[in-house]
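Per-entry structural report
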Amino acid sequence: MDNHKGMEREISIRELFWSFLLEWRKIICLAIVFGLLFMGLQYVRGISSSPKEADIEEPIEEKLTESELGDIENIRFLREEVRAYREYLNTSSSMQIDAYNEPMAELQYMIQTDYIMNYTQDILPDYTSDVISMYAKYVGGESFRNNLIKKAGLDISSKELKELVNVGRESNMIYIFVGYPDNEKLDAITKAVKELLSQKESEIQKIGSHDLLFITESQYYTVDSNLVEKKSTILTRIATLNVQLNQLENALTDQQKEVLNSEEEEQEVLVQVGFQKKYIVLGIFAGIFIAGMWIVFGVLFAGKLQYSEEIRSLYGEALLGEITLARKRKRFLSIVDEKLLALKNRRKKKVTLEQQIDAACANLVVSCKQQNITNVYVTGSEFENIEDSLLELLKQKMTEQGIQVEMGGNMFYDAISMKQGGEIGNILFVEQIGKSLYEEIFNELHLVNEKKMKVLGMIVLI
């Protein structure tokens, strides 16, 4: 709640929520600004902490001979080779498989062609071998692997998959072997293999009429001697490279070590200087938070009328109707605003401007008849800023209902309006959300009550 001159404003959580959503432009702008700001600050901070190349590398390297510089280059090359091997061991799917207990799926297919040797006519070549070769080449090809990755939902490269899928042939049989560390993914792979081969069959029919017969599928655990040997070879290679590295590094002079270490530090700084996603995300969340606080405080400490229901809760006056005005100028991506407002008002019946005015006038007429009132004075704290066409339409509708209407400006500041309103004695206020000040509405109501005039209610323009 927010106190205002002895009155308490009740802040609706629902209205606060929609105020937040309807300010989506402000939220997105601040999120982008702070995301870029955090990214820029992180980059500048990294640059400022990086060593100067001219101060570190050039003076020392100039003192080294070509042979000494060659030793440094050899160490760089060997370190990069070791790094590449270790990365392969840690990230390659085939290297994650337990070579002594490898999950393996085996699919067996038989190619049955319609070729018949006819000795009474011209002898045609047997195309069975060509058909089998086409299937074997397809399974071992790049296109098959790319389709398999997509269909089975694998997060590996075609090069990695090549190490996991093998194809063999014997007579008119094709054997497809698939190894994968995840049994669930292994099932998805075998299913995708069957679908891809089934689709390919119609295309290979062009070579010769045949049937691709699926014989059997089996899954088992096996010792993969090739994988054991491959892992052993890589580990041996890493060990050999490390021995060479140790020999070269132990033979380095202090100046060589200084050049080598300075380059490593610079590489680390360059990695740190690079744009890191976490700073961008942090900046985006900071922007959203600041935008949210801006919107919340804007509602809590607003000086202007926020919601039509405040006419009842804050001033204790009758709300005779709400009239929604069309925007004169559409804002950027106004369709988003329209969708949000449609969602907000989804439980309200859609009515035209004239229907809203008719409803407000009907409520006024009922109140007037109950109190035997025939004359009404229409005013408001922002009356001068209301469109004349709307006021004329409002006056016309009330006149048609037998109510005589006079209109004037803010009675608190306009003496003529005060005199006219005092002569009639029955006041109808027309206020606007986002424009009418709480202070001005309060002053007008206080003045009317002080002069013993009767307030019939208020119509709010949205």
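The following refers to the structure shown. Note that the structure is a prediction, hence the values are computed from the model and not measured. (Residues numbered from 1 in each chain as written. Predicted model: local features only at pLDDT ≥ 70, side-chain atom pairs only at ≥ 80, totals over all residues. Heavy atoms only, no water.)

Considerations on the packing of aromatic side chains
So the rule is basically this: Two aromatic rings, drawn from Phe, Tyr or Trp (for Trp, its six-membered ring), form a pair once their centres lie within 6.5 Å of each other, and the interplanar angle then sorts them: stacked below 30 degrees, edge-to-face above 60, tilted otherwise. In our convention, an over-ring charge means Lys NZ or Arg CZ found within 6 Å of a ring centre and within 35 degrees of that ring's normal.
Applying the stated criterion across every chain yields a total of three aromatic pairs. The ring centre of Trp294 lies 4.3 Å from the NZ or CZ of Lys26, which sits over that ring.

A look at the layout of surface pockets
Where we set the bar: In this analysis a 1.4 Å probe is tested at points of a 1 Å grid over the protein atoms alone, and where it fits but cannot get out there is a cavity; an open set with protein on both sides within 12 Å along at least five of seven lines is a pocket; lining residues have an atom within 4 Å of a point. Grid points are joined across faces, edges and corners, and a volume is the space filled by probe spheres set on the points. Where helices and strands are cited, they refer to DSSP runs of H or I of at least four residues and of E of at least two residues respectively, numbered from the N terminus. In this classification, the charged set is Asp, Glu, Lys and Arg, the nonpolar set is Ala, Val, Leu, Ile, Met, Phe, Trp, Tyr, Cys and Pro, and all remaining amino acids, among them Gly, are polar.
What the second largest pocket holds in volume is close to 340 Å³. Contributing to the lining of the second largest pocket are 17 residues, with Glu102, Glu163, Asn166, Asp224 and Asn226 lying nearest its centre. Broken down by secondary-structure element, the contributors of at least two residues to the lining of the second largest pocket are strand E3 (102-113), strand E5 (173-179), strand E6 (210-222) and helix H9 (225-250). Classifying every residue of the lining of the second largest pocket by side-chain character gives eight nonpolar, five polar and four charged.

Focus: the sheet that holds strand E7 (residues 319-323)
Rule in force here: For two strands to count as paired, DSSP must find a minimum of two bridges between them. What counts as an axis is a line fitted to C-alpha atoms, over the stretch in contact for a helix, and the angles between N-to-C directions run from 0 to 180 degrees. Any two residues whose heavy atoms approach within 4.5 Å are treated as being in contact.
Spatially, E7-E11-E10-E8-E9 is the arrangement adopted by the five strands of the open sheet, whose pairing is parallel. Two strands lie at the open edges of the sheet, namely E7 and strand E9 (404-407), each paired on one side alone. The average undirected angle you get between the axes of adjacent strands in this sheet is 25°. Helix H17 (residues 438-450) contacts strand E8 (375-379), strand E10 (426-432) and strand E11 (454-461) of the sheet and is inclined by roughly 180° relative to E10.

Quick look at helix H11 (residues 277-300)
Each turn of an α-helix holds 3.6 residues, which means side chains three or four residues apart point in the same direction. So the rule is basically this: A helix is expected to span 1.5 Å for every residue after the first. Relative accessibility thresholds used throughout: buried, under 20% of the residue-type maximum; exposed, over 50%; partly exposed, between the two (1.4 Å probe, protein chains only).
In a regular helix each residue adds 1.5 Å, so 24 residues correspond to 34 Å; H11 covers 35 Å between its end C-alpha atoms and thus fits that length. Taken together, the buried positions of H11 are occupied by Gly283, Ala286, Gly287, Ala291, Gly292, Ile295 and Val299.

Re the pattern of salt bridges
Applied cut-off: We define a salt bridge as a contact between a side-chain nitrogen of Lys or Arg and a carboxyl oxygen of Asp or Glu at a distance within 4 Å.
By the definition in use, this model includes 14 salt bridges. For Lys230, the salt bridge goes to Glu163, with nearest N and O atoms at 3.2 Å. Of this pair, Lys230 sits in helix H9 while Glu163 sits in the loop between helix H7 (158-162) and strand E4 (165-170), and the two are 67 residues apart along the sequence. A salt bridge links Lys397 to Glu354; the shortest N-O distance between them is 2.8 Å. One end of the pair, Lys397, is in helix H15 (residues 388-400); the other, Glu354, is in helix H14 (residues 353-370), with 43 residues separating them in the sequence. Bridged by salt links that share partners, the residues Glu80, Arg83 and Glu87 form one connected network.

What about the side chain of Asn410?
Keep this limit in mind: Polar contact criterion, stated in full: a pair of N or O atoms within 3.5 Å, where within protein one must be able to donate a hydrogen and the other to accept it, and residues adjacent in sequence count only if both atoms are side-chain atoms.
Among the structural elements, Asn410 can be located in the loop between E9 and helix H16 (415-424). The buried category is assigned to Asn410, whose relative accessible area is 4%. In this structure the side chain of Asn410 is engaged in a polar contact, spanning 2.9 Å, whose partner is the backbone nitrogen of Phe412. In this structure, Asn410 is in contact with Thr379, Gly380, Ser381, Glu384, Ser417, Glu440 and Glu444, ignoring residues within four places of it in sequence.

Observations concerning the sheet that holds E3
Reading across from one edge, E4-E5-E3-E6 is the order of the four strands in this open sheet, with antiparallel pairing throughout. Of all the strands in the sheet, just E4 and E6 have a single pairing partner and so form its edges. Each strand of the sheet is rotated relative to its neighbour by a mean of 20°, with strand direction disregarded. As paired strands, E3 and E6 are joined by 12 bridges and run antiparallel to one another. By the bridge assignment, Ile111 is partnered in E6 with Leu212. Where helix H5 (residues 128-139) meets the sheet, its contacts fall on E3, E4, E5 and E6, and the angle it forms with E4 comes to roughly 170°.

Describing unusual backbone geometry
In this model, Asn372 sits at a positive phi of 55°, which is unusual for a non-glycine residue. What makes Asn372 exposed here is its relative accessible area of 71%. The residue Lys452 is not glycine, and still its phi comes out positive at about 60°. Within the fold, Lys452 resides in the loop between H17 and E11. A residue is classified by how much of its surface remains accessible, and Lys452, at 75% relative accessible area, is exposed.

Side note on the packing of H5 against helix H8 (residues 183-204)
Which entries qualify depends on this criterion: Our angle categories are set so that under 35 degrees counts as roughly parallel, over 145 as roughly antiparallel, 65 to 115 as roughly perpendicular, and the remainder as oblique. For any pair of crossing helices, the crossing counts as left-handed if the nearer helix is rotated counterclockwise from the farther one by less than a right angle, and right-handed if it is rotated clockwise.
Orientation of H5 relative to H8, taken along the N-to-C sense of each, is 135°, at an axis distance of 11 Å. It follows from the interaxial angle that H5 and H8 lie oblique. Of the two elements, H5 crosses H8, and the hand of that crossing is right-handed. Taken together, the residues of H8 that come into contact with H5 (itself represented by Val131, Met134, Tyr135, Tyr138 and Val139) are Leu196, Leu197, Lys200, Glu201 and Ile204. Here the contact of H5 with H8 is built from residues that sort into eight nonpolar, no polar and two charged.

Let's talk about the side chain of Glu382
Just so we agree on the cut-off: In this tally, Lys and Arg are treated as positive and Asp and Glu as negative; His is ignored, and so are the chain termini.
Relative to the helices and strands, Glu382 resides in the loop between E8 and H15. Salt bridges are absent for the buried Glu382, whose nearest opposite-charge side chain, Lys304, sits at 7.3 Å. A polar side-chain atom of Glu382 sits 2.5 Å from a polar atom in the side chain of Asn385. In this structure Glu382 touches Glu431, Gln432, Lys435 and Ser436, once residues within four positions along its chain are discounted.

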